[in-house]
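Okay, here's what each chain looks like letter by letter:
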Amino acid sequence: MKQLKFISIFTFLMLYNFCAWAMPMSTVSMPDRLQGVIVPPVDMTCVNVLANGDVTIDWLPSVVGTGTFLEYEVYCLESGPTPIATITNINTATYTHVGANENLGIKNYVLATKSNDNGNIEITYSDTISSIFLEINDLGDGRVLVEWNPTHTPQLAGENINYTIFKEYPAGVWSPHKNINYGTFEYRDTIDICSAFVNYQVRVNHTSGCSSTSNVEGDFFIDIMNPYIPVVSSVTVDTLNDVTNVFWNVNQSSDTYGYIILKIINGFWENLDTIYGRYITSYVDLNAKHNLQSETYAVAAFDSCLINNIPPNYQTSAASESHATIYTSATVDLCNLKMAVNWTSYNGWTADDPLVEYQILLSINHAPAQVIKTVTPDIARFNYDYIDYNNTYCFFIRGVSQSGKITYSNELCKTILPAANPNFHYLSNVSHQLNGSMHVEWYTESLSSVKSFEIYKKGPNDFGFTYLTTELPNGSDFNEIYDFEIQTDGVYQYQVSLVDSCGNLGATTNMVSAIDLTIQSDEAKLVNTLSWTPYLQFDGGVKQYDIYRGMDGVYNPVPIGTTNPGIRSFVDELETQFDQSEGGFCYRIAAVEELNQYGFIKTAYSDEECMTFDPVIWVPNTIIPNSQISENRIFNPVISLYVFNSYTLKIFDRWGKTIFESDDIEVGWNGRFPDNNFVYEGVYVYLITFKDKADKLFENTGTVNVLFKE
C-alpha cells in the first residue's frame, strides 16, 4: 500500500531590521510528517558575493539514507517560488548564482534536498542563508558608517564569532582593518587617509574552510579630523644626565604622523621640537633650565595631511594638558646649621590619577639617596636640622601618582662650609681731602660670607680706637667711606674689621696713620718751611713724598718738590712768586706707594695747610710830569702779595678835592687834572687801599711831590 504524505503550505516573510524594510520571499510546501528514512537536509555554510554581483553559496552535502537521492533544488527567495537551479550530484557543495545582482540588495537562499523513499517523493529544506550586503555612508565629520547584515540569525554553526572588515587602500591592496563580534553589524571608521578612494568589504570564516564575503562598496574620502589630543604621562628631571624627559602615550589616531613638543619660554608657549613617528613617545630636553626654575611642557599630535594655510602645515591637534617639573631650592642657615628645602608643585596629573605624595630623598657626600620623609601633596617645604660643616647634602623630590607614576625634581646640592675669611683684607689708603674730609679705602675679597665692615678711628686727642661707622659691601673688592668728622690738626689713624654672615667680628686690617702737615713761615725772608708726619702701613712702602703748592686757591698739578721717604721736610722760597700771587700759599704732601703685593699703587694726601703773607708796597715820593724819562712822569705804587681786584688809588689836592682815581694797578697818575692840564708844582696827598688773601684791608696814605723840569 502506498504511504501517504501530508503537506503543509508556508509563506516566508523576510524582515531586515537594519534596513527597516520587509518583503514576502516565497511560499513552499513541506511535509508535516516524514515516513521512513529519507535524505536529510544540507547544512548551509557560506555565501560569497563576487565582484560582478554574482553570489556563490556553499554547503555540506547530504548523507544518503535508505531513500534514493534525486536532486538539490536551489531557491533564491527574491526570485520567487521556482528553483533557480537543480543539481543532481549529491556531492556537489557549491553553486554560483549568476546575475544575482547582490550589489543591489540582500539575497536569501534555501537548498531543498529531494529524494525517493519507496515511491514517495520526500523534500527536506536547509536553513536560509543571506548574502552579506554592505552599505557605507560618509557622516561628514571625518568618519564613515559601515553597515551589514549577518548570514543567519542566530549565527550559523561553525561560523567565526568575528566579522572582519577589510579595506582596500591603496588600490589592489586589501588589509584586515577591524574585527567585530557577531551581534554588532555596524562600525564607524575614522578617515585617516588624507584623500583617496577606499573600498570596504566584510568577511567571516567558517570552520568548513569557506568564507562568506559581502559586496565591495567604496567612495572617495577626505581626512578632515585632527589627531586626538595626546596624553602626557609625566615630565621628569633625569638627575643622572641633568636633562628633562617628557613622556606621553601612543596617540589613539592611527594616522598620527608625529608630535610637536611645546614649552613655556619667557612666559610664552613656543614650539621646542618636532618628533616624527606615532610610536615615539618620549623627548629629551638637553637645554632645560630645571636647575633654575620649573619648566612647563605640552605635546600636540599631527597627521600627514596638509591644510591650505600659508605656509601649508599639517593637521594638528590641540596641545595636551601641560605638565610642569618640580623645582627644588633651599636656604641654608650656616650660623644655626639648618637647611630649609622648598619645591614647586608638580602640575599635570588629572583627577583620574592624582598626585598622592612627595618623597624627599637625601644623599650625604654622594652616597646612595634615601627617602627621609614622605609628605602629602599640599606640603612644599621641609626643614632639615642636621647639617654640619664640610659635608655635601643633595636633595631631590620624587612625586608619586595614584597609579604609581613617578616624576623627579632637579637635584639640589649644598656643600656646607664655615663662613670663609677673605684671602685679603687690607686698608689700602687713608687720604685727606680738600673739602676737609678723610677718604678711607680698603681692599677686601668680595665674599658672600662678609656681611658688613666696622670702621674704627683714633684721633689726635684719643687714647684708643673708637667705633666710627658700619659699611655694607658694595659688591667689589674696593670699599670706601668719607669721614667728615675731622676737627683738629694732628694724626688720624684707622682700622677696618669685617663682620661675617653670622654677625661675628672677623679679621681686622692693618692700622694706617694719615699724614699731618705743619708750616713755619719767615715773612722777612719770604720762606715757608714744611714738615710732616710719615704715612704708615702702605703694603708696598712709601716710594717718595711729593710736595704740592697752591697759590690763591689753585694747585699746580706738577709738584714743586720731591723727597725720599726718609726726609719729611721742605723749604719753599717765595721771592720769585711775589708778582704771581695775591699772598695766599697752601700746601699738600702726597705719599706715593711702591707697587704692592696686590698689584696696584696708591697715593695718600696730607691735610691742607695755608699761610698768608702781608702785602709789600713801595710808593714813589716825587714825579716830574714833563720829564723825558717815562718812569719819572707817572705816580704808580708797586704792591705784591695782595688781592688784585681790591686795589684803589686816589690823589687829593691841598683842599682835599679828589683830582685822580684808579682801581687798576697798571694805571698811575700822570700829574694832570681831570681836564688833562698839568697840576701846579707842590705837594699832593694819596690814598692807597687793598686787601690781602685773608681779606684784611690795608690803607696806605702819604704825600707825593710834583716838580716840573725847566
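Model, not experiment: these values are computed from the prediction.

Engineer: Sorry, what's going on with the sheet that holds strand S28 (residues 338-343) here?
Structural biologist: Through backbone hydrogen bonds, the strands of a sheet pair up, either in parallel or in antiparallel fashion. As summarised here, the arrangement of the three strands in space is S27-S28-S31, forming an open sheet in which the pairing is antiparallel. Each edge of the open sheet is held by one strand with a lone partner, namely strand S27 (328-333) and strand S31 (381-384). Each strand axis lies, on average, 15 degrees off the axis of its neighbour in the sheet, ignoring direction. Taken together, the six bridges between S27 and S28 define a ladder with antiparallel strand orientation.

Engineer: Help me understand the pairing of strand S36 (residues 438-444), please; the structure alone is not making it clear to me.
Structural biologist: Within a regular strand, side chains alternate between the sheet's two faces. Along S36, seven of the seven residues are buried, which leaves the element largely enclosed by surrounding structure. With burial as the criterion, each face of S36 is covered, one bearing Met438, Val440, Trp442 and Thr444 and the other bearing His439, Glu441 and Tyr443. As judged from the seven bridges shared by strand S35 (residues 425-432) and S36, these two strands associate in the antiparallel manner. Counterpart to Ser431 in the pairing with S36 is His439. Between S35 and the antiparallel strand that follows it, S36, lie five residues; Gly436 among them carries a positive phi value of about 95 degrees. Pairing of S36 with strand S39 (residues 478-483) involves six bridges; the strand directions are antiparallel. For Trp442, the partnering residue across the bridge sits in S39 and is Asn479.

Engineer: Sorry, what's going on with the environment of Phe396 here?
Structural biologist: Looking at the element boundaries, Phe396 is found in strand S32 (residues 391-401). The exposure class assigned to Phe396 is buried, which follows from its relative accessible area of 9%. Sequence separation between Phe396 and Leu517 is 121 residues; the distance between their C-alpha atoms is 65 Å. Ignoring any residue separated from it by four or fewer positions in sequence, one finds Phe396 in contact with Gln359, Ile360, Leu361, Ala369, Tyr408, Ser409, Asn410 and Glu411.

Engineer: So what exactly am I meant to see when it comes to the pairing of strand S56 (residues 658-662) here?
Structural biologist: Bridging between strand S55 (residues 648-652) and S56 involves four bridges; their strand directions are antiparallel. Residue pairing in the sheet places Leu649 in a bridge with Ser662 of S56.

Engineer: Please clarify how the packing of aromatic side chains should be interpreted in this entry.
Structural biologist: Evaluated as defined, the whole model comprises 37 aromatic pairs. Its guanidinium or amino end placed over the ring of Phe600, Lys602 lies 5.7 Å from that ring's centre, counting from NZ or CZ. Here the guanidinium or amino end of Arg654 rests over the ring plane of Trp655, the centre of that ring lying 5.5 Å away.

Engineer: Teacher, can you tell me more about the environment of Leu468 here?
Structural biologist: By the secondary structure assignment, Leu468 is in strand S38 (residues 466-471). C-alpha separation for the pair Leu468 and Leu134, spaced 334 residues apart in sequence, amounts to 101 Å. Contact partners of Leu468, with chain neighbours within four places excluded, come to Ile455, Tyr456, Lys457, Ile481, Asp483, Glu485 and Tyr494.

Engineer: Is there a simple way to explain the state of the cysteines in this structure?
Structural biologist: As used here, a disulfide is simply a covalent bond connecting the sulfur atoms of two cysteines. All told, the structure shown has five disulfides when counted by the stated rule. At a sulfur-sulfur separation of 2.1 Å, the disulfide partner of Cys194 is Cys305. The chirality of the disulfide connecting Cys194 with Cys305 is left-handed, given an S-S dihedral of about -100 degrees. Of the two residues, Cys194 sits in the loop between strand S15 (186-190) and strand S16 (195-205) while Cys305 sits in strand S24 (residues 296-307), which places them 111 residues apart along the sequence. By relative accessible area, which is 26% here, Cys194 ends up partly exposed. What pairs with Cys335 in a disulfide is Cys502, and their sulfur atoms sit 2.0 Å apart.

Engineer: Help me understand the sheet that holds strand S48 (residues 569-573), please; the structure alone is not making it clear to me.
Structural biologist: Pairing is antiparallel across the open sheet formed by three strands, whose spatial order is S43-S44-S48. Strands at the two margins of the open sheet, each flanked by one partner only, are strand S43 (517-522) and S48. Neighbour to neighbour, the strand axes of the sheet diverge by 20 degrees on average, direction disregarded. Sheet topology note: the S43/strand S44 (residues 527-532) ladder contains six bridges and is antiparallel. Its bridge partner being in S44, Gln520 is matched across the sheet by Thr529.

Engineer: It is not clear to me how the nonpolar core should be interpreted in this structure. Could you clarify?
Structural biologist: The tendency in soluble globular proteins is for nonpolar side chains to be buried side by side. One finds Val430, Tyr494, Leu530, Trp532 and Tyr535 to be the most contacted residues of the largest nonpolar core, which totals 40 residues. For this core, the secondary structure elements donating two or more residues are S35, S36, strand S37 (450-458), strand S40 (493-500), S43, S44, strand S45 (542-551) and strand S49 (584-593). With near-sequence residues (within four places) excluded, Leu530 lies in contact with Leu517, Thr518, Ile519, Ile547, Arg568, Ser569, Phe570, Tyr587 and Ile589. Membership of the second largest hydrophobic core comes to 32 residues, among which are Trp248, Ile275, Ile326 and Val375.

Engineer: Got a minute to help me understand a nonpolar patch on the surface in this structure?
Structural biologist: A contiguous nonpolar patch, built from Phe197, Phe220, Ile222 and Ile224 and spanning about 420 Å² of accessible area, is present on the exposed surface. Structurally, the position occupied by Ile222 is in strand S18 (residues 217-222). For Ile222, a relative accessible area of 47% translates into the label partly exposed.

Engineer: Would you mind going over the pattern of salt bridges with me for this structure?
Structural biologist: When charged atoms on two side chains of opposite charge get close, those side chains can pair. Overall, the coordinates contain 12 salt bridges when judged by the stated rule. Asp189 is paired through a salt bridge with Lys167; the nearest N and O atoms lie 3.1 Å apart. Taken together, the positions of Asp189 in strand S15 and Lys167 in strand S13 (residues 162-168) put the pair 22 residues apart, joining distant regions of the chain. Classification of Asp189 as buried rests on a relative accessible area of 3%. Linking Glu295 and Lys263 is a salt bridge whose minimum nitrogen-to-oxygen distance equals 2.8 Å. Note that Glu295 is positioned in the loop between strand S23 (282-285) and S24 and Lys263 in strand S21 (residues 256-265), a separation of 32 residues in sequence. Each of Glu71, Glu73 and Lys114 takes part in salt bridges that share partners, so that together they form one network.

Cut-off values and rules
- Residues numbered from 1 in each chain as written.
- Predicted model: local features only at pLDDT ≥ 70, side-chain atom pairs only at ≥ 80, totals over all residues.
- Heavy atoms only, no water.
- Pairing = 2+ DSSP bridges.
- Helix = DSSP H or I, 4+ residues; strand = E, 2+ residues; numbered from the N terminus.
- Axes fitted to C-alpha atoms, helices over the stretch in contact; angles between N-to-C directions.
- Buried < 20%, exposed > 50% of the residue type's maximum accessible area, 1.4 Å probe, protein only.
- Contact = heavy atoms within 4.5 Å.
- Phe/Tyr/Trp six-rings, centres within 6.5 Å; stacked < 30°, edge-to-face > 60°.
- Lys NZ or Arg CZ within 6 Å of the ring centre and 35° of its normal.
- Disulfide = S-S within 2.5 Å.
- Core = buried A, V, L, I, M, F, W, Y, C linked by side-chain atoms within 4.5 Å.
- Patch = residues over 30% accessible without salt bridge, like charges linked within 9 Å, V, L, I, M, F, W, Y side chains within 5 Å.
- Areas by Shrake-Rupley, 256 points an atom, 1.4 Å probe, with all protein chains shown as cover.
- Salt bridge = Lys/Arg side-chain N within 4 Å of Asp/Glu carboxyl O.

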